[in-house]
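Chain and residue survey
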Amino acid sequence: MTLTGAQIITEVLTEQGVDTVFAYPGASVLGVFDALGDKADALRVILPAHEQGGCHAADAYARVSGKCGVMIATSGPGATNLVTGIANAYMDSVPLVAITGNVPRSLMGRDSFQEVDICGVTMPVTKHGFLVQDIDSLATTLREAFVIAMSGRPGPVLVDIPKDITEERTGYIPVGHYRVRAAAPPDEGAIRAASELIARSKRPLLFCGGGAVNASAALRSFAERCSVPVAVSLMGLTALPSTHPLMLGMIGMHGTPASHIAGERCDLLISAGSRFSDRVAGNRRRFAPGAKLIHIDIDPSEFDKNVVSDIHIQGDAGAVLTRLTELVPPNAASGWADELAELARSAPEKPDSPQYASPRGILRAVSEAAADAIIVTDVGQHQMWTAQHYPFSMPRSFVTSGGLGAMGFGMGAAVGAKAAAPHRPVVLITGDGSLHMDMAEMAAAVTENLPVIVAVMNNNALGMARQWQRMYFDARLRYTSPARQTDFVKLAEAFGAAGYRAHTTEEFSRAFRAALDAGRTALIDCRIDPDERV
Amino acid sequence: MKPFIIALLVNNHFGVLTRVTGLFSRRGYNIASLSVGETADPATSRITIETRADEPSVRQIVRQLEKLEDVKTVSLLPGAETVARELLLIKLVVPPARHSALFEALEGFDCRVPYDVEGRLILEFSGSPARCRELLAAVSDYTVLELCRTGTTAVSTLGELTL
């Protein structure tokens, strides 16, 4: 079978199990879009408003579906608009294949119109990048991109394809779906040594990062069998249901008191799939000061990078925890776990204000009305409130920009999350600052019929920055209250969505239920207290 | 901080060297010298990097290098069991009056002199990093117009690097 390069791209995508791509047209990829049109029954194409939003959507799609996200963009500005999205996926270890068009090979290296060396630009934020140089390597390169993105520690891979290669023809032979590279089995000696440390520990603490989110069942069995309390990073939040008696919540800068005390007092820290970022361990020498450390990670370069471990075990968190569960004697009655559980339960809640909607009340109302919702956030105070207070019950139900902390992630990500889970409610919790960065993606939510509910925690300020100014700049609140005149309700309506305004938690709750029932994209502008802090 | 020599076998195509050196600069590791060349198999290049680091950092460097898709093998060459060599080309100004003094100073160095015309002279020397330092000390009294160093390349006597 002889096909054009553009047709080969679409064939390989479907062959590799892709049924949804996020893509924005442009001169260098028009041939690809033509071929996508021919395959519209097998490949859904979702058009974002901006390539960055599309890349965040592909990222969120991957986080929710467990599949590889795919984003296609044109050369030059289309490609550079992906950079924040690719960096975001890199920092949070999300599998993503970004396909960019480039100018024809004859024009490359001459600063041609819309030419950018995107392989070079993205080198520090990709697992790998390819510049396809001849049509005969196109199919194998694309297949390899999926293998790399999904194998080991996942991450983004860029494939840059010059326009003339999409126009040439060559033979195409379909092959099967990619297989991830088999990981070496975890070192049994290290596992045995770890199990002995665990058996001897009086105050063990399991700490789960993003790498443990897929190992939810295994970590739960382990924690329950050994009565080990569990603290999580932002990325690990959905590893164990918030209501589980052993769950202490998030640890670190914005962590819970219970997890903080557990970190200070534990004698053994078992870390699964975490890289000990500075937001978890601000002072790495003083983090869990009295504890020995067992470090479990699929990526060996995490060992001794930020913290030095006593034992490290390379492998999938689920496989390692399952093996440890088999080896460690059960420990039914742990006074340590009970004591911490008591602390975790006793966090007080402020009463509802008659003047403002409360962040915590908003989150409670969402969870009560839509228990199966996927929660997406932007970056800032609202993100931390969500991390601290939202009762997550299922893995892969929380989509947030963790490592990169990219404001403007949320709206695009919400579109991608909805594409991955069309039958579950998708709720974007955002702030007025973040939404100003990427509100154009509301157009994509409406036109692609991917209804999401946007709850804007609106304090008309860049709240997190302002909070830091109070702490570190003697409360000189400079440039963090931009006094925008934006009417979010009219804005939503302008995009073809429904708009609501809520001055109290009660008003929010009513608007949210109405929006859920209406089944269309909606925005709820929630006025929150500008002085509310994380 | 100690000197280490890291040897890598990598895919021989464009961009690979950028990935390797980019990793060093991005993560704040230092490259003291770098040499690259094709191996017997033209699809594979060998990169030799000299670096100064503490033990944990050098382990971290090796693990990071191993993650690069185009890097096939990474080896920290064992100091005592490694043959390490560098090639130096040194262009010197040598007045006729000091000519014989220079050659006395170079005795025992096994230098070649591919060019020696009208007070200008090019020395060619290859040797271990320590011998190279000694040679540079021996010519330090002369005016060095250009100093060209290839960077160290090295091979271990214990086992071979394989793909």
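For clarity, every value in this text was computed on a predicted model and none was experimentally measured. (Residues numbered from 1 in each chain as written. Chains lettered and ligands numbered in written order. Predicted model: local features only at pLDDT ≥ 70, side-chain atom pairs only at ≥ 80, totals over all residues.)

A short note on the overall build of chain B
So the rule is basically this: The way it works is that DSSP assigns letters per residue, a run of H or I at least four long becomes a helix, a run of E at least two long becomes a strand, and they are numbered from the N terminus. Every C-beta atom is placed from the backbone, and the number of other C-beta atoms within 10 Å of a residue's own sets its class: buried at 20 or more, exposed at 12 or fewer, partly exposed in between. Residue pairs are scored as contacts if the distance between their C-beta atoms, which are placed from the backbone, is within 7 Å.
Assigned secondary structure in chain B consists of four helices and nine strands. Listed N to C, the secondary structure of chain B is β-α-β-β-α-β-β-α-β-β-α-β-β in terms of helices and strands. Counting over 163 residues, chain B shows a buried share of 20%. Within chain B, residue pairs in contact and separated by at least 24 positions form 76% of the contacts whose partners lie at least 6 positions apart.

Describing the overall build of chain A
Looking only at helices and strands, one finds 21 helices and 20 strands in chain A. Viewed in the frame of its principal axes, chain A has a C-alpha envelope of about 70 × 60 × 45 Å. Looking at chain A as a whole, 57% of its 534 residues qualify as buried. Summarising the internal contacts of chain A: among those between residues at least 6 apart in sequence, 76% fall at separations of at least 24.

Quick look at the packing of helix α3 (residues 51–65) of chain A against helix α16 (residues 410–420) of chain A
All names here are of chain A. Note the following rule: Think of each axis as a best-fit line through the C-alpha atoms, taken over the contacting stretch in the case of a helix, with angles from 0 to 180 degrees between the N-to-C directions. Any angle between 65 and 115 degrees counts as roughly perpendicular, while under 35 counts as roughly parallel, over 145 as roughly antiparallel, and the rest as oblique. Definitions for this section: a left-handed crossing has its near helix turned counterclockwise from the far helix by less than a right angle. A right-handed crossing has that turn clockwise. Classification convention: Asp, Glu, Lys, Arg as charged; Ala, Val, Leu, Ile, Met, Phe, Trp, Tyr, Cys, Pro as nonpolar; all other residues, Gly among them, as polar.
Between α3 and α16, whose axes approach to 6 Å, the crossing angle comes to 40°. The angle between α3 and α16 falls in the class oblique. Our pair here, α3 against α16, has a crossing hand that is right-handed. Contacts between α3 and α16 pair Gln 52, Gly 53, Gly 54, His 56, Ala 57, Ala 58, Asp 59, Ala 60, Tyr 61, Val 64 and Ser 65 from the former with Met 411, Gly 412, Ala 413, Val 415, Gly 416, Ala 417, Ala 419 and Ala 420 from the latter. For the contact of α3 with α16, a count of residues per class yields 11 nonpolar, seven polar and one charged.

Comments concerning the domain arrangement of chain A
All names here are of chain A. Condition: Note that the domain bounds reflect an automated or database-derived domain assignment.
Partitioning chain A into structural domains gives domain 1 (2–171), domain 2 (188–345) and domain 3 (359–527). Put simply, the middle of domain 2 and the middle of domain 3, counted by C-alpha atoms, are 31 Å apart. Facing 15 residues of domain 2, the contacting portion of domain 3 comprises 14 residues. The class makeup of the residues in the side of domain 2 that touches domain 3 is seven nonpolar, eight polar and no charged.

Overview of the interface of chain A and chain B
If you look at the interface, chain A gives nine residues, while chain B gives 12 residues. Residue classes in the side of chain A that touches chain B are distributed as five nonpolar, two polar and two charged.

Things to note about the domain arrangement of chain B
Residue and element names in this part refer to chain B. Partitioning chain B into domains gives domain 1 (2–77) and domain 2 (83–153). Relative placement of domain 1 and domain 2: their C-alpha centres are 29 Å apart. The interface is formed by six residues belonging to domain 1 together with five residues belonging to domain 2. When contributions to the side of domain 1 that touches domain 2 are tallied by element, the ones reaching two or more residues are β2 (33–38) and β3 (44–53).

As for unusual backbone geometry
The phi dihedral of A:Gln114 falls on the positive side, at around 60°, and the residue is not glycine. Position of A:Gln114 relative to the elements: it lies in the loop between β5 (96–102) and α6 (118–122). The residue B:Glu118 is not glycine, and still its phi comes out positive at about 50°. Summarising the element assignment, B:Glu118 is placed in the loop between β6 (112–117) and β7 (120–127). Overall, B:Glu118 belongs to the exposed group, with 7 C-beta atoms counted inside 10 Å.

Considerations on the environment of A:Glu368
With respect to the helices, strands and loops of the structure, A:Glu368 is situated in helix α14 (residues 359–369). Residues A:Glu368 and A:Gly53, spaced 315 residues apart in sequence, show a C-alpha to C-alpha distance of 29 Å.

Overview of the sheet that holds β3(B)
Residues and elements named next belong to chain B. Note the threshold: At least two bridges found by DSSP between two strands is the condition for calling them paired.
Taken in spatial order, the four strands make up an open sheet running β2-β3-β1-β4, and their pairing is antiparallel. Unpaired on one side and paired on the other, β2 and β4 (71–77) mark the two borders of the sheet. Between one strand axis and the next, the sheet turns through 15° on average, direction left out of account. Where β2 meets β3, six bridges bridge the pair, whose relative direction is antiparallel. Bridge pairing in β3 links Glu 38 to Ser 45. Most of the contacts of helix α1 (residues 16–26) go to strand β1 (residues 2–11), to which it runs at about 150°, and overall it touches β1, β2, β3 and β4. Sheet strands touched by helix α2 (residues 55–67): β1, β3 and β4. Its angle to β4, the strand with the most contacts, is close to 165°.

A short note on helix α5 (residues 83–91) of chain A
All names here are of chain A. Counting buried residues in α5 gives eight out of nine residues, a clear majority hidden from the surface. Within α5 the residues assigned to the buried category are Thr 84, Gly 85, Ile 86, Ala 87, Asn 88, Ala 89, Tyr 90 and Met 91. Check the buried side of α5 and you find it contacts α3, β4 (69–73), β5, α6 and β7 (156–162). Looking one or two residues beyond α5, the residue adopting positive phi is Ser 93, at roughly 55°.

A few points about the pairing of strand β20 (residues 522–527) of chain A
All names here are of chain A. Worth spelling out the cut-off: A right-handed crossover is one whose linking path, passing over the helix from the first strand to the second, runs clockwise when the strands point away from the viewer.
For β20, the tally of buried residues reaches five of six residues, placing the bulk of the element in the interior. Both strand β18 (residues 453–458) and β20 contribute to a ladder of six bridges, which runs parallel. Residue Asn 458 lies in a different strand from β20, and its bridge partner there is Arg 527. Relative to β20, strand β19 (residues 498–502) is paired through five bridges, and the arrangement is parallel. Looking at the pairing, Ala 498 lines up with Ala 522 of β20. Assessed by its sense of winding, the connection that carries the chain from β19 through helix α21 (residues 505–518) to β20 is right-handed.

Let's talk about α14(A)
All of the buried residues along α14(A) are A:Pro359, A:Gly361, A:Ile362, A:Leu363, A:Ala365 and A:Val366. Buried residues along α14(A) sit in contact with α15 (381–389), β17 (426–431), β18, α21 and β20 of chain A.

Some remarks on the pairing of β18(A)
All names here are of chain A. Most of β18 sits inside the fold, with six of its six residues counted as buried. Residues Ile 453, Ala 455 and Met 457 of β18 are buried on one face, and the alternating residues Val 454, Val 456 and Asn 458, pointing to the opposite face, are buried as well. Relative to β18, β17 runs parallel, the two sharing five bridges. In the strand pairing of β18, Leu 428 is matched with Val 454.

A word on the environment of B:Ser126
Residues and elements named next belong to chain B. Relative to the helices and strands, Ser 126 is located in strand β7. Considered as a pair, Ser 126 and Leu 87 are 39 residues apart in the sequence and their alpha carbons are 4.2 Å apart. Filtering out sequence-adjacent residues up to four positions away, Ser 126 remains in contact with Arg 85, Glu 86 and Leu 87.

Observations regarding the packing of α3(A) against α5(A)
Residue and element names in this part refer to chain A. Axis separation between α3 and α5 bottoms out at 7 Å; the angle between their running directions is 20°. Relative to α5, the element α3 lies roughly parallel. Read as a crossing pair, α3 and α5 show a hand that is right-handed. Here Gln 52, Cys 55, His 56 and Asp 59 of α3 come into contact with α5, specifically with Thr 84, Gly 85, Ile 86, Asn 88 and Ala 89. When the residues that make up the contact of α3 with α5 are grouped by side-chain class, the tally is three nonpolar, five polar and one charged.

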